[in-house]
Structure formats: C-alpha cells, structure tokens
Amino acid sequence: MQPAPLRPADIDALLDDRPADGVFRVSRAAVREQAIFDLEMRHIFEGSWVFLGLACQIPAPHDFFTTRIGRQPVVVSRDGTGQIRCFINSCRHRGALVCHRAAGNARRHACQYHGWVYDSAGACLDVKDEKQGAYTDAFRAEDHGLVQVRLGDYRGFLFGSLNPDVAPIEAYLGDVRALLDLIVDQSPDGLEVVPGVVRYVYNGNWKLQLENGTDPYHFTSTHPSYIQILGERGKKAASGGHTSIYQNFNQKSISRGAFCFPNGHAAIWGETPSSDARPIFRQIEALRARVGEARAKWMLYTRNLSIFPNVQFAENAALQMRVWRPLSPGSTEMTTYCLAPKGEDRAARAVRIRQYEEFFNPSGLATPDDAAAYEDCQAGNVTPAIDFHQGYARGMAAVRRGGDEHAAELGLNPSTSIVGAFEMGDETVFHETYRTWRELLRKGLERDLAGESA
Amino acid sequence: MSPEMMSADVQTIAQGVLFEEARALDEQRFHDWLALYAEDAVFWVPAWTDEGRPTQDPETELSLIHCTRAQLAERVGRVEGGRSLASTPLPRTAHVISNVLAEGAGDGRIFVRSVALTHAFNIKRRETTLAYALVEHDLVATGAGWRIARKKILLQNDYIATMMDFYTV
Ligand code: FES
Ligand SMILES: [Fe+2]
C-alpha cells in the first residue's frame, strides 16, 4: 500500500518549536521518510540555491567541471570570453549527457549520440546534417543551446539554482559572506584547491552531515582515538612547536560559540588550542597588517560554516570544503577538497596537507568515526513509534536573539548567538536551519497542492 | 646476497614478503604486519584528481593516506584500542595479491608491482566492500630479512564506501 500523500500538517509536525516553553524538537521522520526526501529534492535542492564549486577550479577559458543540482547533472564552464556559466548537462536533442568528465578543458561539448555540438558557453554550434534533416521552420526558430541555469558568484564561491526566481545570491548568503571572506582573504591572492579530490558515500541522511559539521558536542566522545594519538604525539615531541592544533587540547580553557543565520546557514567558532600549528600562523604578522587584528584572530579560530543546504567549510588544522549530494533518504555522496591560501610556502603546505588527510579524509583518523556515527543514527532510526529526538536542546537556556560581542568583532548580525565553555556542546545552532528547512518544504508542498487542484 | 641473484629468486622473495604482509593483515596480526616495514618506511595511497590522474607529489597534492611507519603504528593502536566507532567491530578482510612482477639487480633492493583485491566485510552492517589497487613495493634487504621501504597503493575504485584504512586496501 502506498503511504498517504503528505499534507501541510505533516510538515508542520516535523518540528515541535515552542520557544516560550523552552522546547525545540525535530521529528525522527526527518531523516527517514522517502516522501520527505522527495520534497527536499524538489523544493530545496532543485528549488533554491545550491553550492556548485569554486571559480578557482576553472581558471582558464573553456575550463569546466560537472556536478549536480539536486538530481540534475549540470556543467559549470568558463566560456571563451572568461564568463562563468552553468548549464544543464543534457543534450537538447534527446537528453544525453554531453559532458562526461568530472573536470577538464573543452572548447566544444559534442553529444556522441546523434552528434549535436555545443560550445563552452552552451550554445549549439551544430545540429548534425541539419540541411538534409527536412526540419520545419518551427524547429529552426527554437534555441537549441544547452539550458542555462541561474548562477550566483560571491567572490568565487559559485552557486546555482534550477529555480530562476530565487533571490540574488548576495541576499541568500547575507552575513555569511563575512565568514567566506575570512577564508578567501587569508592570502592576498585568494584561495586554491590542493590537487586531488576524495569522494565517499555513507549510509545515512544528508542532514546527519549537515548537523555534524556544526556539532561540537560529539568531538570528545566520537574522536577519543584521534585525541589520544595527538596526546601521545605531544608527549613524544622533543621541542616547542606543535604539529597539531589539538595539542594542548584542554577543554577548560577553550570557549566555543555559534551563530545561526537566515536561510538556514550556521557557523560555530572556537579558540584554537595550539594556534602555532596553523599553517597560516607562519605569516601571522603580515596577515595582521593586511586584514587587521580582529580578522586575523578570527582566521586563527577554528570555524565551521554550513551554507544551506549542501556545503560546509571546516577550518581547524586545515581547510576542508565538503559538498554533498543526497542519493536517498539513507545515503549521501560526499565530495571533499583541501583548500589553501594561494602562495603558501612549501613547508606550510605540506603540514597543511598531512593534517588535512589525517583529520578530514574518510581514510583518516577522525572522519571515519563521524561517518560510522551517522550510519548508526540512520540504522537506529526506524520506528515511527518514537516521535521526536532529544538532540536539539543544549544551549537553549543560554542562546540569545541577534548578535553578541563576538559577532560584533566581524560586524555580523546573526539570527541567534551563543558562547560558552567547550563542554556546553551547543545545539541551538541547528534551530534556524530546521526552521528554514520546514518552511521550504511547507511552501513547496503548498505550491504542489495548489498546482494539483488548479 | 649474491650479485648474480637469479630473477626467479627475486620473484620468490617478493612474493614471500607480499603474501606474508597480506596474511598478517587478514589475520589481524597488525604488529607482525608493522614489523615487515622498515623504520623509515612510507605507506602511500594517492588520491585522484577530477581530471582523472593520480596525484604525484604528496608534498603539494592530496593523498588518501600518506604515512610514515610511526604513523602506521598509531593507526594500529587506534583500531586495536576499541575507541574508534569505525573500527569496532573490526571488519574482516581477505587480501588477494596477484600479478606479482619483481625486479632486482642484486643490490639488496627489489621493486615489486602487484595487483591487490581487498574484500572487507563490515560485520555491523553485514556488507562487503571491494577495493582494487595497483600496488608497488620497494623492498630492502636488512640484517633481519627483507623489509618494505615503501608501499604505494593506487586505488583504482576511489569511490569509498564510508571509510577506508590501512587494512581495507
Ligand atoms: S541525444 Fe544528443 S544528439 Fe541525439
Ligand atoms: Fe567529528
């Protein structure tokens, strides 16, 4: 039997959001139900902005990379004039993929089924044997170019949307832009991607990754094996310098904060236990002179930024860009890159890469344990007999609306702020994200239902 | 070792080390496995780029794993320590080593190419993963026998099922 179609009331019931009563609860169905997943695809991943990649991945004319917006394959291409475009990776003739590689450089994308050819701007150059094709004028009047997708570019962070009516990307990102600036401005020359991409699939919902990226509460219990290795290295280290930012990991002395932003974005920040292990610390005086004392301090903080719905920038020992693609309610594909300031010296770069690999890789010492935890969450979350999680309540007695003195240092106006001891393990950081999520699903479902009855 | 060492001997020595390595991993005798590595050994699993080439220079490009022997020992401690969710219960593996081609000039070093298929059974999920890789070993003769000075594992199917570690490739 088919489950009954979702009604708006079902969407409302996904959150129990009663600030006056001190209650914020998320339904366990959120990670489990196919009908919710389908709505997420239509109205979030295919109805709003999603992150595509970085302009620095395609520096030269005709460079391209391929990705997806929701379920739809797209090409992100720098055309012959240098303009970045995003178009649907599907031939206008019968729909075949026209670009088959993950990245490269190509002046032309030829569909090898019936031979239609497109340029790096997506324009159709050739309908094979068009003259002999006995086409009608109606066909000739059509544009045969690959369908262009709305593209947003904030300082080289590229976003795309299948919905042409989304708000401008600057408005969508809001104050999160200042946190992206902290990433780009670490070098006067901007960012680059360290060559090499790591892809993996975990058996869990995409929101488990979304949450984990701003979840300080799990660190000590999910990663004791990693913390232990660092502790032992610290004991063995002959002299001063730290080889990991988590040496001197002493919970008492570290404060942690979090911000929620409109449109579902969120960030956590923390003082770094051993700042001198940060590759950018080697240039710290030049950095302070260039970006100012306050922003240099923030660049040395650990910062994890989630941009709803599909990307995180996690900066602790190194800087990771992780992009995800939901495959089903219970599986998610991760595509991960190591980012670095351009022009970093060779020794600092090597330190960055080693720290990146051992923390962030699914073949490292920390990320496998996160992924295993997501899989356990998915596996344990089966029965509708249990309604809500109890996992979104920490910090509720301490969170405040608007910004705090830390937000003020960067001129941020977040929806909420919180700061406390490391052990506070705040969970209010998820609240605005879930409110946005429910709002998008609810509005989308209402549009679907209005369309059906029209 | 005699300079006129026959290539058949080189092949036999190489297979002996590779098969012993695989057996130690599959029997989860990780300290015996570590003992096969020279003190300054490097264990390297390159990543691939989006353009489709394997990374070449671990100092400037990303690897899946790039470890010294000391860091391999840390990994052994991690999987044996029972505090890593991803490693508990530890998957059971079968390393199948094939297509072994050994080259040596009788100077106490042997360069070995092989193919490794590693089946890993995730006990908790009751699922099997398969990693297939083109492998290179640099072997060195020491007073205590042949040791692995360098192992490079070029993972052909770099689309990782949840996680990988030294024992799943
Ligand atoms: S599908 Fe592309 S030319 Fe026919
Ligand atoms: Fe984690």
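Residues numbered from 1 in each chain as written. Chains lettered and ligands numbered in written order. Predicted model: local features only at pLDDT ≥ 70, side-chain atom pairs only at ≥ 80, totals over all residues. Heavy atoms only, no water.

Here's the deal with the overall build of chain B
The helix and strand inventory of chain B stands at 3 helices and 7 strands. Element order for chain B, N to C, with α for helix and β for strand: α-α-β-β-α-β-β-β-β-β. Against the compact-globule benchmark of 15 Å for 169 residues, chain B has a radius of gyration of 16 Å, which places it among compact chains. Projected onto the principal axes, the alpha-carbon positions of chain B cover approximately 50 × 40 × 25 Å. A total of 169 residues make up chain B; the buried ones form 49% of that total. Within chain B, residue pairs in contact and separated by at least 24 positions form 57% of the contacts whose partners lie at least 6 positions apart. As displayed, chain B has an accessible area near 7600 Å², and 54% of this comes from carbon and sulfur atoms. (Helix = DSSP H or I, 4+ residues; strand = E, 2+ residues; numbered from the N terminus. Rg over C-alpha atoms; globule rule 2.2 N^0.38 Å. Buried < 20%, exposed > 50% of the residue type's maximum accessible area, 1.4 Å probe, protein only. Contact = heavy atoms within 4.5 Å. Areas by Shrake-Rupley, 256 points an atom, 1.4 Å probe, with all protein chains shown as cover.)

Some words on the packing of helix α9 (residues 284–291) of chain A against helix α10 (residues 293–300) of chain A
Packed helices, taken two at a time, are described by the angle their axes make and the gap between the axes. Residue and element names in this part refer to chain A. With their axes 7 Å apart at the nearest point, α9 and α10 run at an angle of 130 degrees to one another. Between α9 and α10, the angle is such that the two are oblique. Crossing hand, α9 versus α10: right-handed. Of the residues in α10, those in contact with Ile284, Leu287, Arg288 and Val291 of α9 are Glu293, Arg295, Ala296, Met299 and Leu300. In terms of residue class, the contact of α9 with α10 is made up of 6 nonpolar, no polar and 3 charged. (Axes fitted to C-alpha atoms, helices over the stretch in contact; angles between N-to-C directions. Parallel < 35°, antiparallel > 145°, perpendicular 65-115°, else oblique. Left-handed = near helix turned anticlockwise from the far one by under 90°. Nonpolar A, V, L, I, M, F, W, Y, C, P; charged D, E, K, R; others polar.)

A few points about the layout of surface pockets
Empty space left among the atoms is revealed by rolling a probe the size of a water molecule over them. All names here are of chain A. When its volume is computed, the largest pocket comes out at roughly 690 Å³. What lines the largest pocket is a set of 35 residues, and nearest its centre among them are Thr66, Thr67, Ala102, Arg199 and Glu333. When contributions to the lining of the largest pocket are tallied by element, the ones reaching two or more residues are β3 (50–54), β4 (63–69), β19 (319–328) and β20 (331–341). Considering only residue class, the lining of the largest pocket consists of 17 nonpolar, 11 polar and 7 charged. Both domains that meet at the lining of the largest pocket, namely domain 1 (50–154) and domain 2 (185–443), each give it at least three residues. (1 Å grid on protein atoms, 1.4 Å probe; cavity = no way out; pocket = protein on both sides within 12 Å on 5 of 7 lines; lining within 4 Å. Points joined across faces, edges and corners; volume = space filled by probe spheres on them. Domains from an automatic or database assignment.)

Quick look at the confidence of the model for chain B
Averaged over all residues, the pLDDT of chain B is 95; the fraction at 70 or higher stands at 96%. For this predicted complex, the interface score ipTM comes out at 0.95, alongside a pTM of 0.96. (pLDDT = per-residue confidence, 0-100.)

Focus: the sheet that holds strand β5 (residues 127–142) of chain B
Residues and elements named next belong to chain B. Spatially, 6 strands are ordered β2-β1-β6-β5-β4-β3 in an open sheet, and the strand pairing comes out mixed. Looking at strand neighbours, the two that pair on one side only are β2 (63–68) and β3 (92–104), the edges of this open sheet. Geometrically, the sheet is characterised by an average inter-axis angle of 20 degrees between neighbouring strands, direction not taken into account. Both strand β4 (residues 109–122) and β5 contribute to a ladder of 14 bridges, which runs antiparallel. From the neighbouring strand, Asn122 faces β5, where its bridge partner is Glu127. Across the sheet, helix α3 (residues 69–80) touches β1 (37–46) and β2, and the angle it forms with β2 is around 105 degrees. (Pairing = 2+ DSSP bridges.)

Remarks on the pattern of salt bridges
Residue and element names in this part refer to chain A. Summed over the entire model, instances satisfying the criterion amount to 50 salt bridges over all chains. One salt bridge connects Asp16 with Arg18, and the closest N-O pair in it is separated by 2.8 Å. Overall, Asp16 belongs to the buried group, its relative accessible area being 11%. With relative accessibility at 35%, the residue Arg18 sits in the partly exposed group. We note a salt bridge from Arg278 to Glu315, for which the minimum N-O separation is 2.7 Å. Residue Arg278 is located in the loop between β16 (266–270) and α9, and its partner Glu315 is located in strand β18 (residues 311–315); the two are separated by 37 residues in the primary sequence. Judged by its relative accessible area of 1%, Glu315 is buried. (Salt bridge = Lys/Arg side-chain N within 4 Å of Asp/Glu carboxyl O.)

Focus: the interface of chain A and chain B
Many analyses report the size of an interface as the accessible area lost when the parts associate. Taken together, the contacts link 42 residues of chain A with 36 residues of chain B. When chain A packs against chain B, the two sides together hide about 3400 Å² of surface, and 49% of this comes from carbon and sulfur. Summed over the three residues of chain A that lose the most area to chain B, namely A:Pro195, A:Arg354 and A:Ser363, the buried surface amounts to 16% of that side. On inspection of chain A and its partner chain B, the count reaches 7 salt bridges. The salt bridge partner of B:Arg125 is A:Glu375, with a shortest N-O separation of 3.8 Å. Inspection of the chain A/chain B interface yields 27 residue pairs in polar contact (both at pLDDT 80 or more). Counting only elements with at least two residues in the side of chain A that touches chain B, the list comes to β7 (103–105), β14 (198–202), α8 (224–236), β20, α11 (346–360) and α12 (367–380) of chain A. The residue inventory of the side of chain A that touches chain B, partitioned by class, reads 24 nonpolar, 8 polar and 10 charged. (Buried area = accessible area lost by both parts, 1.4 Å probe. Polar contact = N/O pair within 3.5 Å; in protein donor to acceptor, adjacent residues only side chain to side chain.)

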